[in-house]
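Reading the structure
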Amino acid sequence: MRNARPARGQRRDEATQRLANGGYTDAELDAALLRSQRSDPLAVALRLLTLGLVYGVLARAVAAGLASPYLLLPMLAELLLIFWLGWLLSRSVVRCPAFRRSAGSGLGVAVWSALILAVALGWVAWDPLAGEFSLQDLKPRAAAAFDTTLQHGLHWALLAMLVGLLAATVGEVAAWRRSGGVFVWTSITTAGTRIGLLVLLGMVAALAAGFLAPLWQGSGLGAWLDQRLAWLVWSILLVLDLGVVVVLALMHRDLRRRAGL
């Protein structure tokens, strides 16, 4: 006997979920999170240890005078890795139509990569003294930025972040191969949550700066903030990453409770 077709409202609800979740239903996302994540004390401690290594390197760099824009390099590098690794996974070891749709096309990945690189190059080419972009100085500025990254040990933070993402992805693919079903790349949840929160905080900060700028002009507060901007950015990123670890652990425990595990 054939199964009855779901009601029209139910189909629309599922379609809405897939549209909002990048091709997945809420149940598929919950199942993937329950399968691939862990919330036991050892797993949480390992995540916190990784964060401690990364942010310890960043703190040492900031204390040595590293400018705040350099702190965003690990996030940009992580984005590039996510785009290309996701695309490669969906075309090779992860044969899942839903994941392939969520990973996007090669053209889309190339466009997003070009945008990220354009932002990085624009920052390198910007001359704060002249208040304009200086393309003729792009090569020496890029070389200076690369030297600064190496001198402050920022490449070790980049390496720790990339190795952590690759290790989590390998474990997630192995778990998916054992259980089957749709593949949901939950290892990138941290990056996605961080970016969303940064965009929200950036909008709030921009609005606050617009209202408060007339108050601190000429008071010396602006110079005081400029000197401490790198530590402010470092603190915001650390709080965001710690928050993601806590939220994911709580979500996983709640899913386990509801599943009766």
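Note that this is a predicted model, so its numbers are computed, not measured.

For the protein chain, the helix and strand inventory stands at eleven helices and two strands. The 261 residues of the protein chain split such that 30% are buried. In the protein chain, 72% of the contacts between residues at least 6 apart in sequence involve partners at least 24 apart. Carbon and sulfur atoms make up 69% of the accessible area of the protein chain, which amounts to about 16,100 Å² in all.

Turning our eyes to something else, we now look at a nonpolar patch on the surface. A grouping of L42, L46, L49 and L53 is seen on the molecular surface, where their side chains present a nonpolar patch of about 410 Å² in accessible area. Structurally, L46 can be placed in helix α3 (residues 41–63). Judged by its relative accessible area of 46%, L46 is partly exposed.

Here the focus is α3. For α3, built from 23 residues, the straight-helix expectation of 33 Å at 1.5 Å per residue is met to within 8% by its first-to-last C-alpha distance of 31 Å. Residues of α3 that are buried: A43, V44, L51, V54, Y55, L58, A59, A61 and V62. Turning to α3, the residues buried within the fold contact α8 (154–179) and α11 (229–259). The first or second residue beyond α3 is G65, which carries a positive phi of 105°.

Our focus in this paragraph is the side chain of S113. With respect to the helices, strands and loops of the structure, S113 is situated in helix α6 (residues 106–125). If we ignore the near neighbours within four places in the chain, the residues touching S113 are L80 and W84.

Now for the packing of α3 against α11. The description of two helices packed together rests on the angle between their axes and the distance between the axes. Between α3 and α11, whose axes approach to 11 Å, the crossing angle comes to 175°. Of the possible angle classes, the one that applies to α3 and α11 is roughly antiparallel. Taking contact as the criterion, the partners of P41, V44, R47, L48, L51, Y55, L58, A59, V62 and A63 in α3 are, on α11, A230, W231, W234, L237, L238, D241, L242, V245, A249 and R253. Per-class residue counts for the contact of α3 with α11 are 17 nonpolar, no polar and three charged.

All right, on to the packing of helix α4 (residues 73–90) against α6 then. For the pair α4 and α6, interaxial distance at closest approach is 10 Å and the crossing angle is 170°. Taken as axis vectors, α4 and α6 run roughly antiparallel relative to one another. Across from L76, L79, L80, F83, W84 and W87 in α4, the residues of α6 making contact are G106, V109, A110, W112, S113, I116 and L117. Residue composition of the contact of α4 with α6, by class: eleven nonpolar, two polar and no charged.

Before going further, it helps to examine α11. Helix length check: α11, at 31 residues, gives a terminal C-alpha distance of 45 Å against a target of 45 Å (1.5 Å per residue), a fit within 8%. Backbone geometry just after α11 places G260 at a positive phi near 75°.

Parts of the prediction with low pLDDT should not have their coordinates interpreted in detail. For the protein chain, per-residue confidence averages 76 on the pLDDT scale, and residues scoring 70 or more make up 77% of the total. Taking the mean pLDDT of every element in the protein chain, the minimum, 55, falls on helix α10 (residues 221–227) and the maximum, 86, on α4. Within the model, the stretch residues 1–11 combines pLDDT values under 50 with two contacts to residues more than four positions away or in other chains.

For the structure shown, the criterion picks out two salt bridges. The closest approach of N and O atoms between R257 and D254, which form a salt bridge, is 2.5 Å. Taken as a pair, R257 and D254 lie in helix α11 at a separation of three residues, close to a single helical turn. Relative accessible area serves as the criterion here: at 57%, R257 is assigned to the exposed category. D254 is the partner of R258 in a salt bridge, and the nearest nitrogen-oxygen pair spans 3.2 Å.

So, how was this worked out
Residues numbered from 1 in each chain as written. Predicted model: local features only at pLDDT ≥ 70, side-chain atom pairs only at ≥ 80, totals over all residues. Heavy atoms only, no water. Helix = DSSP H or I, 4+ residues; strand = E, 2+ residues; numbered from the N terminus. Buried < 20%, exposed > 50% of the residue type's maximum accessible area, 1.4 Å probe, protein only. Contact = heavy atoms within 4.5 Å. Areas by Shrake-Rupley, 256 points an atom, 1.4 Å probe, with all protein chains shown as cover. Patch = residues over 30% accessible without salt bridge, like charges linked within 9 Å, V, L, I, M, F, W, Y side chains within 5 Å. Salt bridge = Lys/Arg side-chain N within 4 Å of Asp/Glu carboxyl O. Expected span 1.5 Å × (residues − 1). Axes fitted to C-alpha atoms, helices over the stretch in contact; angles between N-to-C directions. Parallel < 35°, antiparallel > 145°, perpendicular 65-115°, else oblique. Nonpolar A, V, L, I, M, F, W, Y, C, P; charged D, E, K, R; others polar. pLDDT = per-residue confidence, 0-100.

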